[in-house]
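Here is how the chains run, residue by residue.
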Amino acid sequence: AEIEIGIRKLVGPTPWLKMTPEASRTLVRAERDSLQQVTTNLIMNLRDAMPAGGVVTIDTHNIAVPVDDTAEGATTPPVEFVVVEVSNTGHGRQFFDPQLFEPAFITSASGVIMLGLVILHDIVAAAGGFVEVGADSGVGTTFRVFLPVV
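Residues numbered from 1 in each chain as written. Predicted model: local features only at pLDDT ≥ 70, side-chain atom pairs only at ≥ 80, totals over all residues. Heavy atoms only, no water.

Asker: Looking at this structure, I do not really get the overall build of the chain. What am I missing?
Answerer: A count of helical and extended segments in the chain gives three helices and seven strands. What you see in the chain, going N to C, is helices and strands ordered as α-β-α-β-β-β-β-α-β-β. Taking as baseline every contact in the chain between residues at least 6 positions apart, the subset at least 24 positions apart corresponds to 66%. Total accessible area on the chain is roughly 8,600 Å²; 56% of this is exposed by carbon and sulfur atoms. (Helix = DSSP H or I, 4+ residues; strand = E, 2+ residues; numbered from the N terminus. Contact = heavy atoms within 4.5 Å. Areas by Shrake-Rupley, 256 points an atom, 1.4 Å probe, with all protein chains shown as cover.)

Asker: What is the right way to read the packing of aromatic side chains from this model?
Answerer: Aromatic rings considered in pairs are described by the distance between their centres and by the relative angle of their planes. In the structure shown here, the tally under the stated rule is three aromatic pairs. Measuring from centroid to centroid gives 5.5 Å for Phe81 and Phe130, while their planes differ by 80°, and the two rings are edge-to-face. Taken together, the positions of Phe81 in strand 3 (residues 79-88) and Phe130 in strand 6 (residues 130-136) put the pair 49 residues apart, joining distant regions of the chain. Since its relative accessible area comes to 7%, Phe81 is described here as buried. Residue Phe130 is classed as partly exposed on the basis of its relative accessible area of 33%. Among the aromatic side chains, those forming a connected cluster through ring pairs are Phe81, Phe130 and Phe146. (Phe/Tyr/Trp six-rings, centres within 6.5 Å; stacked < 30°, edge-to-face > 60°. Buried < 20%, exposed > 50% of the residue type's maximum accessible area, 1.4 Å probe, protein only.)

Asker: Got a minute to help me understand helix 2 (residues 32-48) in this structure?
Answerer: Since the α-helix packs 3.6 residues into each turn, any two residues three or four apart lie on the same face. Along its 17 residues, helix 2 runs 24 Å from first to last C-alpha, staying within 8% of the 24 Å computed at 1.5 Å per residue. The set of residues buried in helix 2 consists of Leu35, Gln36, Val38, Thr39, Thr40, Asn41, Leu42, Ile43, Asn45 and Leu46. (Expected span 1.5 Å × (residues − 1).)

Asker: Teacher, can you tell me more about the pairing of strand 7 (residues 140-148) here?
Answerer: Along any regular strand, the residues point their side chains to alternate faces of the sheet. Among the nine residues of strand 7, eight are classified as buried, and the element is accordingly described as predominantly covered. Sheet topology places strand 3 next to strand 7; seven bridges connect them, and they run antiparallel. Each bridged residue has a counterpart across the sheet, and for Val86 the counterpart in strand 7 is Phe143. Pairing of strand 6 with strand 7, which is carried by seven bridges, proceeds in the antiparallel orientation. Bridge assignment links Glu132 to a residue of strand 7, and that residue is Arg144. The antiparallel pairing of strand 6 with strand 7 creates a hairpin that spans three residues between the two strands, and Gly138 there sits at a positive phi of about 85°. (Pairing = 2+ DSSP bridges.)

Asker: Help me understand the packing of helix 2 against helix 3 (residues 117-126) in this model?
Answerer: Close contact between helix 2 and helix 3 brings their axes to 10 Å; oriented N to C, the two are set at 145°. The two elements helix 2 and helix 3 cross, and the hand of that crossing is left-handed. On helix 3, the residues touching Ser34, Gln37, Val38, Asn41, Leu42 and Asn45 of helix 2 are Leu117, Ile119, Leu120, Ile123 and Val124. Taken together, the residues that form the contact of helix 2 with helix 3 break down as seven nonpolar, four polar and no charged. (Axes fitted to C-alpha atoms, helices over the stretch in contact; angles between N-to-C directions. Left-handed = near helix turned anticlockwise from the far one by under 90°. Nonpolar A, V, L, I, M, F, W, Y, C, P; charged D, E, K, R; others polar.)

Asker: In this structure, what is going on with the nonpolar core? I would like to understand it.
Answerer: Burial of nonpolar side chains together is a common tendency in soluble globular proteins. Leu42, Val86, Phe143 and Val145 are the most contacted members of the largest nonpolar core, which has 25 residues in total. Secondary-structure elements contributing two or more residues to this core are helix 2, strand 2 (56-65), strand 3, helix 3 and strand 7. A per-element tally of this core places helix 2 first, with five residues. Those residues in contact with Val145 that lie beyond four places of it in its chain are Val38, Leu42, Val82, Val83, Val84, Val124, Phe130 and Val131. (Core = buried A, V, L, I, M, F, W, Y, C linked by side-chain atoms within 4.5 Å.)

Asker: Honestly, the environment of Gln37 in this entry has me stumped. Any pointers?
Answerer: Structurally, Gln37 is set in helix 2. Apart from the residues lying within four places of it in its own chain, the contact partners of Gln37 are Ile119 and Ile123.

Asker: Whenever I open this one, the environment of Thr60 confuses me. Can you help?
Answerer: Residue position: Thr60 is located in strand 2. You can call Thr60 buried: its relative accessible area is 16%. Measuring from C-alpha to C-alpha, the distance between Thr60 and Val84 comes to 4.6 Å, with 24 residues separating the pair along the chain.

Interpretation in functional terms is not warranted from these geometric data alone.
Following this line, the structure appears as structure tokens:
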């Protein structure tokens, strides 16, 4: 809730941002300011990737990811995460480029720059999490940030 208030203050009243937080109030291994920086970075980059307009949506939910047990009979409990999913209704990408998390990576011929994704990646990795990127050409792009529950 605090992060939502901070984001609303930053971007102001706008019809292009939809927030639907569903995660329970769960503690994660990251500082509030770092989480706000990650979320704000994704919001602004996904907004800027829609020059013709569209909607940026933020969803949150909890998930338990099974651990691959390599020892016979091992029963390791699943790892619990809070997932912050930020998506847009832009043109999407047909492929994932591993350079996406390098500084000032240019994502298209039109020169759209995903600034700060390297910082986002570093913050999430330092918290013990990871980022998934999915895109459907003509539909939009989705970033899923997985943050481990404390």
